Amino acid sequence: MNWKALVAGFIFIIGLGLLMQLAFIFISVGYIALGRTFPVLAPYSDIFLQLSVILGLFITLIAGGYLTALIAERKPLVHAAIAGGAACFLSLLFSRSAGEFTLTSLIFLSFGIAFAILGGWFRNKQQSTIASQH
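The rules behind these values
Residues numbered from 1 in each chain as written. Predicted model: local features only at pLDDT ≥ 70, side-chain atom pairs only at ≥ 80, totals over all residues. Heavy atoms only, no water. Core = buried A, V, L, I, M, F, W, Y, C linked by side-chain atoms within 4.5 Å. Buried < 20%, exposed > 50% of the residue type's maximum accessible area, 1.4 Å probe, protein only. Helix = DSSP H or I, 4+ residues; strand = E, 2+ residues; numbered from the N terminus. Contact = heavy atoms within 4.5 Å. Expected span 1.5 Å × (residues − 1). Patch = residues over 30% accessible without salt bridge, like charges linked within 9 Å, V, L, I, M, F, W, Y side chains within 5 Å. Areas by Shrake-Rupley, 256 points an atom, 1.4 Å probe, with all protein chains shown as cover. Salt bridge = Lys/Arg side-chain N within 4 Å of Asp/Glu carboxyl O. Phe/Tyr/Trp six-rings, centres within 6.5 Å; stacked < 30°, edge-to-face > 60°.

### Comments concerning the nonpolar core
Note on soluble globular proteins: their nonpolar side chains tend to be buried together.
Next up, step 1: Leu6, Ile13, Leu61, Ile62, Ala83, Ala87, Cys88 and Phe115 together form the largest nonpolar core, which totals eight residues.
Next up, step 2: Looking at this core, the elements that each hand over two or more residues are α1 (3–37), α2 (45–71) and α3 (76–95).
Next up, step 3: The dominant element in this core, judged by the number of residues it contributes, is α3, at three residues.
Next up, step 4: If we ignore the near neighbours within four places in the chain, the residues touching Leu6 are Met1, His79, Ile82 and Ala83.

### Overview of the environment of Leu92
Next up, step 1: By secondary structure assignment, the location of Leu92 is in helix α3.
Next up, step 2: A relative accessible area of 6% means that Leu92 is categorised as buried.
Next up, step 3: Separated by 46 residues in sequence, Leu92 and Asp46 place their C-alpha atoms 21 Å apart.
Next up, step 4: Sequence-distant contacts of Leu92, defined by excluding residues within four places in its chain, comprise Phe101, Ser105, Phe108 and Leu109.

### A word on the environment of Val78
Next up, step 1: Structurally, the position occupied by Val78 is in helix α3.
Next up, step 2: Under the relative-accessibility criterion, Val78 is labelled partly exposed at 37%.
Next up, step 3: Taking the C-alpha atoms as reference, Val78 lies 9.6 Å from Thr68; in sequence the two are ten residues apart.

### Description of α3
Next up, step 1: Taking 1.5 Å per residue as the helical rise, α3 with its 20 residues ought to reach 28 Å, and the 28 Å between its terminal C-alpha atoms agrees with that figure.
Next up, step 2: All of the buried residues in α3 are Pro76, His79, Ala80, Ala81, Ala83, Gly84, Gly85, Ala87, Cys88 and Leu92.
Next up, step 3: Buried positions along α3 lie against α1, α2 and α4 (103–133).

### As for a nonpolar patch on the surface
Next up, step 1: Among the surface-exposed residues, Met1, Trp3, Val78 and Ile82 lie close enough to one another that they form a single nonpolar patch of about 440 Å² accessible area.
Next up, step 2: Examined against the element boundaries, Met1 turns out to sit in the segment before α1.
Next up, step 3: Under the relative-accessibility criterion, Met1 is labelled exposed at 60%.

### Let's talk about the packing of aromatic side chains
Next up, step 1: On inspection of all chains with the given rule, the structure shows four aromatic pairs.
Next up, step 2: With 5.8 Å between their ring centres and 45° between their planes, Phe111 and Phe115 make a pair best called tilted. One end of the pair, Phe111, and the other, Phe115, are both in helix α4, four residues apart, so they sit about a helical turn from each other.
Next up, step 3: Here Phe111 falls in the partly exposed class, since its relative accessible area comes to 45%.
Next up, step 4: Arranged with centres 5.5 Å apart and planes meeting at 55°, the rings of Trp121 and Phe122 form a pair that is tilted.
Next up, step 5: Of the residues examined, Phe122 reaches a relative accessible area of 37% and is grouped as partly exposed.
Next up, step 6: Through a chain of ring-to-ring contacts, the aromatic side chains of Phe58, Phe111 and Phe115 assemble into a single cluster.

### A closer look at α2
Next up, step 1: The terminal C-alpha atoms of α2 lie 39 Å apart, and with 27 residues this matches the ideal 39 Å at 1.5 Å per residue to within 8%.
Next up, step 2: Looking at α2, one finds that the buried residues are Ser45, Leu49, Ser52, Gly56, Thr60, Leu61, Ile62, Gly64, Gly65, Thr68 and Ala69.
Next up, step 3: Residues of α2 that are buried in the fold lie against α1, α3 and α4.

Shown next as structure tokens:
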């Protein structure tokens, strides 16, 4: 295990996740204000806000998985999965009271790990493409 890769990926995911939450707050406020001006948008607010959360999660965990795989020397996808899973698990611990893990929590954790692995896979693909060009 490359602890440097795990810690760096974990901290990056948590930090970028917090920035994404801040961006989500700004987007939510802006969309709600826009919905007051244009009432035709109001019925779509839930879908729009949920999609923006999923997009933020997607970007955060892919970038974190990519960074983790970039630093890890061996088994980059395993490192990406661990860093992404640990960050998602910590987020769940702070967002729910102890013992309240639901199906939604498991889906969040599963998608978090999958997105982090996808980021690691992008890094591996990029690395293999660069290696084949030389």
